[in-house]
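The lines below spell out each chain.
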Amino acid sequence: MIAILFVLVDVIGPIGLVLLFLYKNKETRDLIGPRLMYAGLIAFILFPLFLPRKHFEGWLIQQNSDFYFVAFIVQMHNNLYEELAKLVSLILAVIMLEEKGRKAISSFRGALYLGYALGLFYGVGEAVTLTLIAKNPPLYRIFGVNLFLLFINFRWLWERFLALQMHGIMGGLVGIGYHYLRKKDRWKFLLFFLIAILYHELVDGLIIYIGYNAGRPLAKFLLSNLFSVVLPAEVVIGYVILAILARKGGKNVEFSADNPYGS
């Protein structure tokens, strides 16, 4: 029963909804097809491909387990790789999608939406990979992640569903950054890439804070409301940011025969 729900809630359902979302928007409607699914599969695969970095992060923690070192050095290293994977998936997707991909990424909204879609595919890859590791602990030797005590239950389904949204949000921010990188605006690229990294830090940084400060009132409150308030609130914050960006950044984008890639 849990396995069926996992596939529906954390794999098929989110992918189906994001494909519908892309189809409903003019900037990305032309992307729907087999090549987009292949690009999504690449984003999916990039999670396990980038995951063995955890061996290095585990080694770093062995050298220094101080809260600030773990939260702002080790975790930021993780964040950098996660957002780099999303950027790589975008670059490969634009190559695979050819003219349609270039047209989408040249539009502010198109880049945001494509980045969101690939971020969600990446999040599905995370959900599936971590679930497999939890069910097969010896995989720790390959990936450097030990999930021996993780139980695949309803809370895990909900946690992964929220994580999917967060990866989609970060993917959207990285997509905007890639939009500016292709326009040779490196500072705006770095800005949005950094925002994606900091949003990731907000999410995982709170988890680290709870782990290091379990006896403090704030940590107790965060832990007791983690799945009902804290993580959903972070998802809402992320979607509000994307909504504002889509509204402000996409107002003047026009497509025409003379300007097929937008302005």
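Residues numbered from 1 in each chain as written. Predicted model: local features only at pLDDT ≥ 70, side-chain atom pairs only at ≥ 80, totals over all residues. Heavy atoms only, no water.

With that settled, consider the packing of aromatic side chains. This model, assessed by the stated rule, comprises 14 aromatic pairs. Taking the ring centre of Tyr23 as reference, the NZ or CZ of Arg29 above it sits at 5.9 Å. (Phe/Tyr/Trp six-rings, centres within 6.5 Å; stacked < 30°, edge-to-face > 60°. Lys NZ or Arg CZ within 6 Å of the ring centre and 35° of its normal.)

It is worth spelling out the pattern of salt bridges at this point. The tally for this structure, following the rule as stated, stands at 8 salt bridges. Of the charged contacts in the structure, one is a salt bridge between Arg53 and Glu57, with a shortest N-O distance of 3.5 Å. Of this pair, Arg53 and Glu57 both sit in helix H3 (residues 53–63), 4 residues apart, which is roughly one turn of the helix. The shortest N-O distance in the salt bridge between Arg53 and Glu82 comes to 3.3 Å. Here Arg53 is found in helix H3, whereas its partner Glu82 is found in helix H4 (residues 67–106), with 29 residues between them in sequence. Accessibility expressed as a relative area gives 4% for Glu82, which makes it buried. Salt bridges sharing common partners tie together Arg53, Lys54, Glu57 and Glu82. (Salt bridge = Lys/Arg side-chain N within 4 Å of Asp/Glu carboxyl O. Helix = DSSP H or I, 4+ residues; strand = E, 2+ residues; numbered from the N terminus. Buried < 20%, exposed > 50% of the residue type's maximum accessible area, 1.4 Å probe, protein only.)

A few words on helix H8 (residues 186–212). Given a rise of 1.5 Å per residue, 27 residues ought to cover 39 Å, and the 37 Å separating the end C-alpha atoms of H8 matches this to within 8%. Asp204 marks where H8 bends most, by close to 30 degrees. (Expected span 1.5 Å × (residues − 1). Bend = angle between axes of the 7 residues up to and from the residue.)

Here the focus is the confidence of the model for the protein chain. Of the residues in the protein chain, 94% have a pLDDT of 70 or more, and the chain-wide mean is 92. Looking across the protein chain, the model is least confident in helix H1 (residues 2–24), with a mean pLDDT of 91, and most confident in helix H2 (residues 34–50), with 97. Note on residues 252–263: pLDDT is under 50 here. Beyond four places in sequence and across chains, it has 25 contacts. (pLDDT = per-residue confidence, 0-100. Contact = heavy atoms within 4.5 Å.)

With that out of the way, let us pick up the packing of helix H9 (residues 217–224) against helix H10 (residues 226–249). At a minimum axis separation of 6 Å, H9 and H10 run at an interaxial angle of 95 degrees. When the interaxial angle is binned, H9 and H10 end up roughly perpendicular. From H9, Leu222, Leu223 and Ser224 reach across to H10, where they touch Leu226, Ser228 and Val230. Here the contact of H9 with H10 is composed, by residue class, of 4 nonpolar, 2 polar and no charged. (Axes fitted to C-alpha atoms, helices over the stretch in contact; angles between N-to-C directions. Parallel < 35°, antiparallel > 145°, perpendicular 65-115°, else oblique. Nonpolar A, V, L, I, M, F, W, Y, C, P; charged D, E, K, R; others polar.)

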